[in-house]
Structure formats: structure tokens, C-alpha cells
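Letter by letter, the chains look like this.
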Amino acid sequence: MIDQNVDKINWGKSCILLTRVSTSSQDNTAQELDLIEYAKREGYDNLHIIQTTESGFKKIKSKQGFKIVQDYIENNPDCKTVFCTEISRIGRTNLVLSHVEDYFTQNKIQVYIKDINFKLFNEYGQIPFGNTIVFSLFGRLAESEMKQKQERFIRSKAKNFSEGYSIGGKELFGYERFLDEIVGKNPYRLNEKQAEEIRTIY
């Protein structure tokens, strides 16, 4: 039950658009465009974009992206809102997400997560009970999803290795990679010159 005597919170017009990719080969552009449209639709017009490139599995002490967010908020007291496209852009472990949620809660920072149409506080500056559950649930789902991806990658890597396909890294001395156009992979074949050197030595 909402206390009707409580004033509505004015979150202002300034916000952070937080984007994150895991590697430099990935692009933040799609996230940025989505968040710009989303934030403007919610009435924000002073948009500060923070781009980060780091693993979602980093521990909170190593997460430079979150530190940048904290520094910006502390130096810009009129900015009390953060937008991101999905919860995994903040982090992929429940421990990190719990820490981040505590920071947002204690400092009354509104959080919008586009893909699940979620905002942390209601218009009276209160956190509905279900929101804490949602934040925790999606945090655990993000962590579980990434662990499954890692396990699939390890299985695929082992399978390719057992079938004689290159799995990246340096070429083994005595072998060379070539493209198998039928399967679209890079198996090894003997490098006869190097192989002869090995035979001579041994």
C-alpha cells in the first residue's frame, strides 16, 4: 500500500546510458541507439553515455565500468538515473549485481533495464517487494546463462581438438593449418619441411 502523503520523486532530466561489451571486437552502437530512444521516451534529455569493454564476470573491485558510473554520479549530483539494455550489461554474477543494487538503493539511483521493462524505484521513491526478487532472479539467470556458454565452448573446443581441427593459438611446429572449405574449419596437416627437421633431430 502506497502512502498517499508521500511526495512523488523528481528524478530530473539527466541520466547515464551504460553500455558494456566483453571484447574490443564487439560494438556498443546498437545498445547506445536503443538506450537513447528509451531514455528520451521516458522524458530524459541530458544523456551521458558510458561505454565499457570488460568481462561481465569481473569482481566488483575490478569493474572499471561501475567505478566510472559511481564517479560520474558523485561529481554530478543532478544525475540520479542509469539506463542499460539488460541486467547482464551491469554484471553477470549475482554477487556483483547484489553489490550494485545495494549502491543504487542506498543512493536513491533510479535504474531502468530496457529488455525487461524494469525500473528499480516506483514514482514515490519506494522499491516494490517484487523488484528486489526480479533483480536477484535475472542476475542468477544471467550468471547461469554465461556458465552454460562457457561449458559449451569447452566441449566444442575439445571436440574440434579430438577431430584434428585448429582451435586457435600458435601453430604446432611440424604442422600447418589449412582451410577445409567443406566444413569451414581449419584442420592441421604436416608441414613436411618442419617435420623433416624433427625426424632429423630425433
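Going by the structure above, here's the rest.
Source: prediction; values computed, not measured. (Residues numbered from 1 in each chain as written. Predicted model: local features only at pLDDT ≥ 70, side-chain atom pairs only at ≥ 80, totals over all residues. Heavy atoms only, no water.)

Q: Before we go on, may I ask you to explain the packing of aromatic side chains in this structure?
A: Two aromatic rings, taken as a pair, are described by how far apart their centres are and by the angle between their planes. Within this structure, the stated rule accounts for nine aromatic pairs. Ring centres of Tyr38 and Phe83 lie 5.3 Å apart, and the angle between their planes is 85°; on these two criteria the pair is classed as edge-to-face. One end of the pair, Tyr38, is in helix H1 (residues 29-41); the other, Phe83, is in strand E3 (residues 81-84), and 45 residues separate them in sequence. Residues Tyr38 and Phe83 agree in their burial class; the two are buried. Feature note: the residues Tyr38, Tyr44, Phe83 and Tyr112 constitute an aromatic cluster, connected by ring pairs. (Phe/Tyr/Trp six-rings, centres within 6.5 Å; stacked < 30°, edge-to-face > 60°. Helix = DSSP H or I, 4+ residues; strand = E, 2+ residues; numbered from the N terminus. Buried < 20%, exposed > 50% of the residue type's maximum accessible area, 1.4 Å probe, protein only.)

Q: Got a minute to help me understand the packing of helix H2 (residues 64-75) against helix H3 (residues 94-106) in this structure?
A: Between H2 and H3, whose axes approach to 12 Å, the crossing angle comes to 5°. If you check the angle between H2 and H3, you find them roughly parallel. Here Phe66, Gln70, Ile73 and Glu74 of H2 come into contact with H3, specifically with His99, Val100, Tyr103 and Phe104. In terms of residue class, the contact of H2 with H3 is built from five nonpolar, two polar and one charged. (Axes fitted to C-alpha atoms, helices over the stretch in contact; angles between N-to-C directions. Parallel < 35°, antiparallel > 145°, perpendicular 65-115°, else oblique. Contact = heavy atoms within 4.5 Å. Nonpolar A, V, L, I, M, F, W, Y, C, P; charged D, E, K, R; others polar.)

Q: In this structure, what is going on with the sheet that holds strand E1 (residues 14-21)? I would like to understand it.
A: Each strand in a sheet pairs with its neighbour through backbone hydrogen bonds, running either in the same direction (parallel) or in the opposite one (antiparallel). In spatial order, the strands read E2-E1-E3-E4-E5; together these five strands make up an open sheet with mixed pairing. Here the strands that pair on one side only, and so sit at the sheet edges, are strand E2 (46-53) and strand E5 (118-119). In terms of strand pairing, E3 meets strand E4 (residues 110-113) through four bridges, oriented parallel. From the neighbouring strand, Cys84 faces E4, where its bridge partner is Ile113. With respect to the sheet, H2 is in contact with E1, E2 and E3, its orientation differing from that of E2 by roughly 155°. (Pairing = 2+ DSSP bridges.)

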